[in-house]
Amino acid sequence: MRRCIAVAVVFVLALSGFAQSKRSITDKDLFRFQWIGDPQVSPDGSHVVFVRVTVNEKKDNYDTALWMVPTTGSDRPTRLTNGKHDAQPRWSPDGKWIAFVRSSGEPPKDGKPPASQLALLSLSGGEAWVMTDLPRPVSDPVWSPDGKHVAFLCDANADDLAKKQKKDSAGESEHESDVKVITRAVYRFNGQGYLDPKHHRHIWILDVPASSDGKATPKQLTQGNFDEDEPSFTPDGNRILFHTNRAVEPYYELTTSDIMSVPVAGGEVQSLAKVKLGGLLGGLSGMTLSPDGKRIAFIGAVQEPVRSYSQPDLWVLDLQPGAVPKNLTAAYDFDVNSGVGGDNAAPRAPGHLSPVWSKDGSHLLDVVAKQGRAILVSFDAGPYGAFDQLSAMPQELSRGDQAVQQFTTSDDGKVVVMNVSTPTMIDELFVLNADGRQRQITNINGALFSELNLTEPEEIWYSSFDGRKIQAWVQTPPDFDPAKKYPLILNIHGGPHSAYGWVFDHEFQWMAAKGYVVLYPNPRGSTSYGQEFGNIIQYKYPGDDYRDLMIGVDEVLKRGYVDANKLGVTGGSGGGLLTDWTVTQTHRFHAAVSQRDIADWTSWWYTADFTLFQPNWFKAPPFDDPQDYIKRSPITYIKNVDTPMMFILGDVDWRTPPGSGGEQMFRALKFMHKPTVMVHFPGESHELSRSGQPWHRVERLDHIVGWFDKWLMGIPNPEYNMPSDEANAMPGAPKNTEKPH
């Protein structure tokens with residue numbers, strides 16, 4: 001008996017030693033992260049091709065290559081392409097070829113990145129080869145049913161082609177003016193920069209050559225001053241369906257999407273339907289054709305009444321004259337074709353989330369955001385060509401505390417592969433069995449994560465001031481002891497219509513590893529809790545969502561392990577706005593980091609990359625109702641701020657331009673001699689935290705935690721010292737007896 005006890009003690013101590021041998025996650029572990037993007041199952045379901053994303057050698061960008069793994073899990077992933085910038089893989093119908101998009105990765109010339117091209121890889125062996133040589137980037141390849149053609153999108157126009165031909169023959173390029181003449185209200189966009197109204201995405205097609213020696217001459221099928229999206233071939237291969245918005249200046253009206261088709265051989269474009277569904281940033285998405293070619297499914301949001309948030313629904317439309325779209329999820333009060341947000345989706349390989357038809361056309365699969373989880377759900381689409389089963393309840397296929405980020409199926413639907421993320425796993429591929437069990441087939445971050453001591457957050461629910469239930473998570477340090485006192489960081493998500501959840505977030509794990517308790521709630525206005533919960537903040541943002549956040553802090557304080565004198569707050573985008581708002585409404589926080597924020601709604605209305613010409617967030621423009629903008633702008637209450645503030649801003653962030661946010665707050669706080677620091681990231685857009693340059697992402701984490709370390713932990717950082725304080729501290733410096741304004 002004693003011997004058994006001794007063996008048990010040794011075993012427990014061994015496990016304890018194993019846990020202690022692991023280390024905490026660091027900021028620079030990001031350089032070793034690997035990501036999976038855009039997985040695609042082969043037609044027969046035997047293999048998955050995916051984009052493997054890694055940090056490049058200089059740590060200033062990302063490399064992308066195509067890899068493949070068997071769905072049986074019998075072998076490790078193997079690399080397919082040698083390019084450093086390969087993406088968007090698509091299987092041929094016979095499973096013998098993969099078409100994909102390749103970029104040279106060369107640095108921009110004359111301010112323009114090199115054009116990506118369409119490439120082809122034979123699964124029988126040999127190197128991939130590039131099939132196109134167009135002067136502008138290509139994207140979204142799609143195979144014809146017989147495998148003889150590939151359609152794709154490209155925005156090259158006749159002038160581009162003529163200039164390229166002249167350059168190819170003469171060896172010199174013509175001077176192109178970089179002066180921008182702007183006539184549209186939307187003239188720049190986050191991540192894209194200034195928009196060029198002379199270039200529009202159109203549908204092109206090419207005949208697939210039998211070998212690299214064969215020639216392929218792309219042919220443009222559509223023309224005009226409008227973009228086309230999501231092309232797909234009809235089952236007979238004779239036509240290509242797509243959708244487009246034909247409004248010249250779409251911000252003046254509610255969105256109407258035109259569903260159209262064009263002959264593969266070229267010719268007149270045919271209008272099939274007009275759909276008045278949309279959302280704040282566009283029309284329908286995820287359009288996919290049924291196996292028999294008689295119906296299309298797509299994602300769209302009801303536009304009337306005009307809301308701050310309109311929940312996305314799954315729709316089906318018969319391709320018959322006069323047909324009306326049917327809403328399959330009108331009675332399903334969760335967000336279809338949506339997910340929950342972390343900071344580590346695959347950069348440079350986002351993929352495209354679309355509903356997928358079952359082989360018999362009776363069901364549709366899609367990802368749903370539901371109460372902080374992203375789950376794969378099957379929706380009844382009625383029997384072939386009919387709609388008499390639409391009352392059937394959706395069937396949730398995946399289970400557990402996780403986020404399904406993408407999914408893909410074999411042609412017969414029997415093999416379903418999901419890209420899954422959890423708070424302790426960036427993302428990996430899993431095969432979903434019919435009984436709901438998941439079988440992991442990749443482990444690309446296994447070596448790194450076997451070193452790390454990562455812990456799951458605690459999920460909590462609490463009642464807000466009006467009885468509404470709020471979901472939140474608490475991430476504690478790896479060596480957490482509830483008998484001790486810890487500093488707390490309240491982390492607020494943006495959107496405002498988005499959601500935290502059961503997904504990997506490097507920032508939260510890093511903060512916890514540095515000794516902080518992290519609280520990240522989903523206040524009212526968040527997605528994944530239904531239409532009413534999401535839209536309740538319309539015309540009242542910020543407002544009651546702030547109250548939800550403060551009550552969440554109170555709930556954690558009740559637990560006794562948080563030091564009420566060491567509270568910090570941070571957030572980005574809408575979370576930056578709420579960070580600004582928080583420190584103007586309360587003095588309880590001892591440090592704040594506001595990221596890509598909005599401080600002045602009036603300034604933002606005039607300068608953001610999308611318009612609020614429709615009454616989504618405000619009932620009227622600022623020149624008609626200035627007081628509404630003033631009372632909801634944090635800058636109005638700047639004199640209330642006594643919290644030390646840091647502002648993290650991207651120089652080319654056109655979603656929340658720095659001049660409408662942190663720059664205003666910073667200048668005002670400097671005027672009042674309040675401790676403040678502004679950190680500008682050159683070349684970074686609104687996506688800094690998710691897909692910015694790797695070094696910039698690490699430095700961002702360092703500055704956030706460095707600021708909290710200074711003010712909550714008492715760790716000096718000379719970089720953040722106020723110049724006047726340093727001057728006054730110098731020997732012989734005159735004493736400043738003036739009080740701060």
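Residues numbered from 1 in each chain as written. Predicted model: local features only at pLDDT ≥ 70, side-chain atom pairs only at ≥ 80, totals over all residues. Heavy atoms only, no water.

**Student:** Help me understand the overall build of the protein, please; the structure alone is not making it clear to me.
**Tutor:** On a plain count of helices and strands, the protein comes out with 13 helices and 39 strands. Summarising its shape, the C-alpha atoms of the protein cover approximately 80 × 80 × 60 Å along the three principal directions. Counting all 741 residues of the protein, 54% fall into the buried class. Sequence-distant contacts in the protein: of pairs separated by 6 or more residues, those separated by 24 or more amount to 60%. Where the 73 positive side-chain charges of the protein centre and where its 90 negative ones centre are 3 Å apart. (Helix = DSSP H or I, 4+ residues; strand = E, 2+ residues; numbered from the N terminus. Buried < 20%, exposed > 50% of the residue type's maximum accessible area, 1.4 Å probe, protein only. Contact = heavy atoms within 4.5 Å. Lys, Arg positive; Asp, Glu negative; His and termini not counted. Charge placed at Lys NZ, Arg CZ, Asp CG, Glu CD.)

**Student:** Where do I start with the packing of aromatic side chains in this structure?
**Tutor:** We describe a pair of aromatic rings using the distance from one ring centre to the other and the angle between the two ring planes. According to the stated counting rule, one finds 39 aromatic pairs in the structure shown. On the basis of an interplanar angle of 80° and a centroid distance of 6.1 Å, the ring pair of phenylalanine 33 and tryptophan 35 is categorised as edge-to-face. Each of the two residues, phenylalanine 33 as well as tryptophan 35, counts as buried. Of the aromatic side chains, those joined through ring pairs into one cluster are Tyr541, Trp601, Trp604, Phe610, Trp617, Phe618 and Tyr629. The ring of tyrosine 194 has lysine 180 sitting right over it, with the charged end atom 5.3 Å from the ring centre. The lysine or arginine in question, arginine 655, covers the ring of phenylalanine 189, its NZ or CZ lying 5.2 Å from the ring centre. (Phe/Tyr/Trp six-rings, centres within 6.5 Å; stacked < 30°, edge-to-face > 60°. Lys NZ or Arg CZ within 6 Å of the ring centre and 35° of its normal.)

**Student:** Where do I start with empty space enclosed by the protein in this structure?
**Tutor:** Evaluated as defined, the whole model comprises three cavities of 30 Å³ or more. The computed volume of the largest cavity comes to approximately 50 Å³. As for the largest cavity, its lining consists of Ile492, His493, Gly494, Pro496, Pro523, Arg524, Ile537, Tyr541, Asp545, Gly574 and Leu578. Taken together, the residues of the lining of the largest cavity sort by class into six nonpolar, three polar and two charged. (1 Å grid on protein atoms, 1.4 Å probe; cavity = no way out; pocket = protein on both sides within 12 Å on 5 of 7 lines; lining within 4 Å. Points joined across faces, edges and corners; volume = space filled by probe spheres on them. Nonpolar A, V, L, I, M, F, W, Y, C, P; charged D, E, K, R; others polar.)

**Student:** It is not clear to me how helix H12 (residues 694-713) should be interpreted in this structure. Could you clarify?
**Tutor:** Residues separated by three or four positions in an α-helix point in the same direction, a consequence of the helix having 3.6 residues per turn. The first and last C-alpha atoms of H12 sit 27 Å apart over 20 residues, in line with the 28 Å expected at 1.5 Å per residue. When you tally the buried positions in H12, you get 15 out of 20 residues, the bulk of the element. (Expected span 1.5 Å × (residues − 1).)

**Student:** Would you take a moment to explain the nonpolar core for this structure?
**Tutor:** Core analysis: the biggest nonpolar cluster contains 80 residues, and Leu490, Leu519 and Trp601 have the highest contact counts within it. The contacts of leucine 490, once residues within four sequence positions are left out, are Leu519, Pro521, Leu549, Met550, Val553, Gly568, Val569, Thr570 and Phe589. (Core = buried A, V, L, I, M, F, W, Y, C linked by side-chain atoms within 4.5 Å.)

**Student:** In this structure, what is going on with the packing of helix H4 (residues 506-513) against H12? I would like to understand it.
**Tutor:** For any two helices packed against each other, one specifies the inter-axial angle together with the distance between the axes. The interhelical angle for the contact between H4 and H12, taken along N-to-C directions, is 45°, at an axis separation of 11 Å. By the angle between their directions, the pair H4 and H12 is classed as oblique. Crossing of H4 over H12 shows right-handed handedness. For the pair H4 and H12, the contacting residues are His506, Glu507, Trp510 and Met511 in the first and Arg700, Leu701, Asp702, Ile704 and Val705 in the second. Residue composition of the contact of H4 with H12, by class: five nonpolar, one polar and three charged. (Axes fitted to C-alpha atoms, helices over the stretch in contact; angles between N-to-C directions. Parallel < 35°, antiparallel > 145°, perpendicular 65-115°, else oblique. Left-handed = near helix turned anticlockwise from the far one by under 90°.)

**Student:** Hey, could you run me through the confidence of the model for the protein in this one?
**Tutor:** Detail in the predicted coordinates should be disregarded across regions flagged by low pLDDT. Predicted confidence across the protein gives a mean pLDDT of 91, with 92% of residues reaching 70 or more. Ignoring residues within four places in sequence, the model shows residues 1-18, a span with pLDDT below 50, making zero contacts including any to other chains. Below pLDDT 50 for its whole length, residues 734-741 participates in seven contacts with residues either more than four positions away or in separate chains. (pLDDT = per-residue confidence, 0-100.)

**Student:** How should I be thinking about the layout of surface pockets in this particular structure?
**Tutor:** In this approach the atoms are scanned with a rolling probe the size of a water molecule, which exposes any empty space left behind. In this structure, the second largest pocket spans a volume of roughly 520 Å³. Lining of the second largest pocket is provided by 28 residues; of these, Leu365, Ser378, Leu397, Gly413 and Val416 occupy positions nearest its centre. When residues of the lining of the second largest pocket are traced back to their parent elements, those giving at least two are strand S24 (356-357), strand S25 (363-370), strand S26 (373-380), strand S27 (395-396) and strand S30 (425-432). Along the lines of polarity and charge, the residues of the lining of the second largest pocket split into 12 nonpolar, nine polar and seven charged.

**Student:** Looking at this structure, I do not really get the sheet that holds strand S37 (residues 591-595). What am I missing?
**Tutor:** Strand pairing within a sheet occurs via backbone hydrogen bonds; the two strands may be parallel or antiparallel. With mixed pairing, the eight strands of this open sheet are ordered in space as S32-S33-S35-S34-S36-S37-S38-S39. With partners counted over all chains shown, the strands left at the sheet margins are strand S32 (458-463) and strand S39 (676-681), one partner each. The average angle at which neighbouring strand axes cross in this sheet is 20°, direction not considered. Judged from the five bridges that link them, strand S33 (residues 469-475) and strand S35 (residues 517-522) form a sheet pairing that is antiparallel. When the bridges of S35 are listed, glutamine 475 appears paired with valine 518. (Pairing = 2+ DSSP bridges.)

**Student:** Explanation requested: the sheet that holds strand S8 (residues 129-130) in the structure shown.
**Tutor:** Spatially, the four strands line up as an open sheet ordered S5-S6-S7-S8, and their pairing is antiparallel. In this open sheet, the two edge strands, each paired with only one partner strand, are strand S5 (86-91) and S8. Sheet topology places S5 next to strand S6 (residues 97-102); four bridges connect them, and they run antiparallel. Looking at S6, one finds that arginine 90 is bridged to alanine 99.

**Student:** Mind showing me how you'd approach helix H10 (residues 662-671) here?
**Tutor:** Taken together, the buried positions of H10 are Gly662, Met665, Phe666, Ala668 and Leu669. Where H10 terminates, the next one or two residues include histidine 673, which has phi positive at roughly 60°.

**Student:** Help me understand the pairing of strand S3 (residues 62-70) in this model?
**Tutor:** Within a regular strand, side chains alternate between the sheet's two faces. Judged by how many residues are buried, S3 sits mostly within the fold: nine of nine residues are covered. Covered by surrounding structure in S3 are Tyr62, Thr64, Leu66, Met68 and Pro70 together with Asp63, Ala65, Trp67 and Val69, the residues of both alternating faces. Sheet topology note: the strand S2 (residues 47-55)/S3 ladder contains nine bridges and is antiparallel. Looking across to S3, one finds that phenylalanine 50 is bridged to tryptophan 67. Counted along the chain from S2 to the antiparallel partner S3, the turn is six residues long, and its residue lysine 59 has a positive phi close to 60°. Inspection of the sheet shows S3 paired to strand S4 (residues 78-79) by two bridges, in the antiparallel sense. Bridging across to S4, tryptophan 67 finds its partner in arginine 79.

**Student:** Can you help me understand unusual backbone geometry in this one?
**Tutor:** Generally, phi is negative for residues other than glycine and the peptide bonds are trans, each holding for most cases. The residue after glutamate 304, namely proline 305, is reached through a cis peptide bond having omega 0°. Relative to the elements of secondary structure, proline 305 occurs in the loop between strand S20 (295-300) and strand S21 (313-318). Residue serine 573 is not a glycine yet carries a positive backbone phi of 65°. In the Ramachandran plot, histidine 673 falls in the positive-phi region, its phi being about 60° despite a non-glycine side chain. Take histidine 673: it is sitting in the loop between H10 and S39.

**Student:** For this particular structure, what's the right way to read the pattern of salt bridges?
**Tutor:** Opposite charge on two side chains lets them pair, provided their charged atoms get close. Scanning all chains against the criterion turns up 28 salt bridges. Between arginine 90 and aspartate 38 there is a salt bridge, with the nearest N and O atoms lying 3.1 Å from each other. Of the two residues, arginine 90 is situated in strand S5 and aspartate 38 in strand S1 (residues 34-41); the sequence distance between them amounts to 52 residues. Accessibility classification places arginine 90 together with aspartate 38 in one group, the buried group. By sharing partners, the salt bridges in this structure join Asp466, Arg468, Arg524, Glu532 and Asp548 into a single network. (Salt bridge = Lys/Arg side-chain N within 4 Å of Asp/Glu carboxyl O.)

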